[in-house]
Structures are given as structure tokens and as C-alpha cells.
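# A look at the structure
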Amino acid sequence: DTEVTQTPKHLVMGMTNKKSLKCEQHMGHRAMYWYKQKAKKPPELMFVYSYEKLSINESVPSRFSPECPNSSLLNLHLHALQPEDSALYLCASSQYGGQGETQYFGPGTRLLVL
Amino acid sequence: AQSVTQPDIHITVSEGASLELRCNYSYGATPYLFWYVQSPGQGLQLLLKYFSGDTLVQGIKGFEAEFKRSQSSFNLRKPSVHWSDAAEYFCAVGVINDYKLSFGAGTTVTVRA
């Protein structure tokens, strides 16, 4: 099973709202990733967790706050977002977070910020 | 730093015709190479990957790719395209001692009846 699930599929929020995106995998992977993807563009890496510890933050604004409660779950907490943050947010996982590993992607959450 | 180039932004192909998508990379050593496909509104699905060994790699959905070190290329092919192959295709590179994937800009494939 190479499935990564994400909820919700769609999310509309105002600029003063607080919301969370959720990601789950049951492949026993120890690395999980958040990507942001704008229309017709490749995914851009936001965060990497390895063994439940944040290992990489790609200079993402603090209005995005990741959390990894355990090795199967990854959350992205959203607060005071801007309209330009509207995008498809993809979660991915890989075995350990090491070199050249295959990353398996979820279906994404399409976020619209009004 | 490594980089990935997909020279073709958009390709239109007739159903049943062959398809080839180009990918060139820039990296000092042999990288790990991937092709992903993204259908509209969906996440990325891994088509195939190359780490080492046989330079012709078979993937899912009838796709194959060939690694050519001399040309720094990893082109994706399919002998006969189906309407369901209409999607965005991304080539990606992973390198030694780095978890990151570098993605190309993507190629949009349109299939006409």
C-alpha cells in the first residue's frame, strides 16, 4: 500500500481564520513533507519532518505551522493567511528522508483564501 | 546545485500515437531520477524511477524511460497514448546526501481524439 491520505480535499478560509490540514500514511515511513503547488507550477517544498522532528523549514512564513504528532500523522496549521497562499497543498512521505528516496504524494488539499 | 529542465511546456498528441517527453538534468554525478504524473486536481503519482543498473526503466501505465548519461537526459516514452494520459508530467532529480527533489517545470500533455 503506497497511499497517503489528506483531509480536507477542499478548504475555503478567510484571512482571520485558523484551520488545519491533515495528512496520514501507514507505510511505516519516517519522513514526511509538505509542499505548496500553484497552478501550472511544480511543487515547492515547505517543510520536512524526519523521525517526528522538523528537519527542514524552507523559509516558510510563520502563518504556516507544521506539526508531527507521530510517525503516521502530519498537520499543517494555518493562521492569518493571505490570498496569495491559495494553492494546492501536497503531503508526501518517504522511508527515512535519505538520499534519493522515492516520495509518495497524497491527493492534496486545495486551499482558497478569501 | 542540481537542476532539471523539461524543454516542452505543452505537447498535443493524437490518441494511439506515441509520446516522448524530454527531461535534462544538471548534476555532477549520477542522480536519482523520477517521473511523476499529475491528473487535474490530483496529487502526484510516481510513474517510474531510476537509481542504477539497466538504463531502460519500465513503469506503470505502459510508460518507460531511458537514462542517457552522455546526454544528461531521462526521457519518458509511451508507444500508444490513451485519452486518460492527458495530464501534467514532472521530471524530478534527487541527489546524494540530500532528501530534496528538484522538479522540472512540467509538461502538459493533451490527447486529441
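These remarks concern the structure in this document.

Conventions used here
Residues numbered from 1 in each chain as written. Chains lettered and ligands numbered in written order. Predicted model: local features only at pLDDT ≥ 70, side-chain atom pairs only at ≥ 80, totals over all residues. Heavy atoms only, no water. Contact = heavy atoms within 4.5 Å. Buried area = accessible area lost by both parts, 1.4 Å probe. Salt bridge = Lys/Arg side-chain N within 4 Å of Asp/Glu carboxyl O. Polar contact = N/O pair within 3.5 Å; in protein donor to acceptor, adjacent residues only side chain to side chain. Helix = DSSP H or I, 4+ residues; strand = E, 2+ residues; numbered from the N terminus. Nonpolar A, V, L, I, M, F, W, Y, C, P; charged D, E, K, R; others polar. Pairing = 2+ DSSP bridges. Axes fitted to C-alpha atoms, helices over the stretch in contact; angles between N-to-C directions. Buried < 20%, exposed > 50% of the residue type's maximum accessible area, 1.4 Å probe, protein only. Core = buried A, V, L, I, M, F, W, Y, C linked by side-chain atoms within 4.5 Å. Disulfide = S-S within 2.5 Å.

## Things to note about the interface of chain A and chain B
Taken together, the 25 residues of chain A in the interface contact 24 residues of chain B. Between chain A and chain B lies a buried interface of about 1700 Å² when both sides are counted; carbon and sulfur atoms form 54% of it. Interface area lost by chain A to chain B is led by Gln99, Gly100 and Thr102 of chain A, which between them contribute 28%. Scanning the region where chain A abuts chain B turns up 1 salt bridge. A salt bridge links Glu58 of chain A to Lys100 of chain B; the shortest N-O distance between them is 2.9 Å. Counting across the chain A and chain B interface gives 5 residue pairs in polar contact (both at pLDDT 80 or more). Elements with a minimum of two residues in the side of chain A that touches chain B: strand S4 (31-37), strand S5 (44-50), strand S9 (87-94) and strand S10 (104-105) of chain A. With 3 residues, the top contributor of residues to the side of chain A that touches chain B is S4 of chain A. Residue composition of the side of chain A that touches chain B, grouped by class: 12 nonpolar, 8 polar and 5 charged.

## Overview of unusual backbone geometry
All names here are of chain A. Cis rather than trans, the peptide bond between Thr7 and Pro8 has omega equal to -10 degrees. Note on placement: Pro8 falls in the loop between strand S1 (4-7) and strand S2 (10-13). Despite not being glycine, Lys40 has its phi angle at roughly 65 degrees, a positive value. Tracing the backbone through its elements, the reader meets Lys40 in the loop between S4 and S5.

## Quick word on the sheet that holds strand S8 (residues 73-79) of chain A
Residues and elements named next belong to chain A. Reading across from one edge, S1-S3-S8-S7 is the order of the 4 strands in this open sheet, with antiparallel pairing throughout. Edge positions in the sheet fall to S1 and strand S7 (64-70), since each of these pairs with one other strand and no more. Averaged over all neighbouring strand pairs, the angle between strand axes comes to 20 degrees, with direction disregarded. Summarising the sheet, S1 and strand S3 (residues 18-25) pair through 4 bridges and their orientation is antiparallel. Directly across from Val4, in S3, lies its bridge partner Gln25.

## Some details on the side chain of Asp85 of chain B
All names here are of chain B. Within the secondary structure layout, Asp85 lies in the loop between strand S9 (73-78) and strand S10 (87-94). In this structure Asp85 comes out as buried when scored by relative accessible area, which is 3%. For Asp85, the side chain forms a polar contact with the main-chain nitrogen of His82, separated by 2.8 Å. For Asp85, the contacting residues outside a window of four places in its chain are Phe63, Lys78, Ser80, Val109 and Val111.

## Describing the nonpolar core
Counting residues in each nonpolar core, the largest one holds 27 residues, and the members touching the most others are Trp35, Leu48, Leu76 and Tyr89 of chain B. Within the residue set of this core, elements represented by two or more residues are strand S2 (10-14), strand S3 (19-21), strand S5 (32-38), strand S6 (44-50), strand S8 (64-68), S9, S10 and strand S12 (107-112) of chain B. Looking at this core element by element, the count peaks at 4 residues for S10 of chain B. If we ignore the near neighbours within four places in the chain, the residues touching Leu76 of chain B are Leu19, Glu20, Leu21, Trp35, Leu47, Leu48, Phe63, Glu64, Ala65 and Tyr89 of chain B. By size, the runner-up hydrophobic cluster in this structure holds 23 residues, among which are Leu21, Trp34, Phe64 and Leu74 of chain A.

## A look at the pairing of S10 of chain B
Residues and elements named next belong to chain B. Burial analysis of S10 places 8 of its 8 residues in the buried class, the great majority of the element. Side chains of S10 alternate between two faces, with Ala87, Tyr89, Cys91 and Val93 and Glu88, Phe90, Ala92 and Gly94 buried alike. Both S5 and S10 contribute to a ladder of 7 bridges, which runs antiparallel. Pairing of Tyr32 across the sheet is with Gly94, part of S10. In this structure, S10 lies alongside S12, joined through 3 bridges in antiparallel fashion. Within S12, the position partnered with Tyr89 by the bridge is Thr107.

## Considering the state of the cysteines
Residue and element names in this part refer to chain A. All told, the structure shown has 2 disulfides over all chains when counted by the stated rule. Between the sulfur atoms of Cys23 and its disulfide mate Cys91 the distance is 1.9 Å. The sign of the -70 degrees torsion about the S-S bond sets the Cys23-Cys91 disulfide as left-handed. Remark: Cys91 occurs in strand S9 and Cys23 occurs in strand S3; sequence separation between them is 68 residues. Given the relative accessible area of 1%, Cys23 is considered buried.

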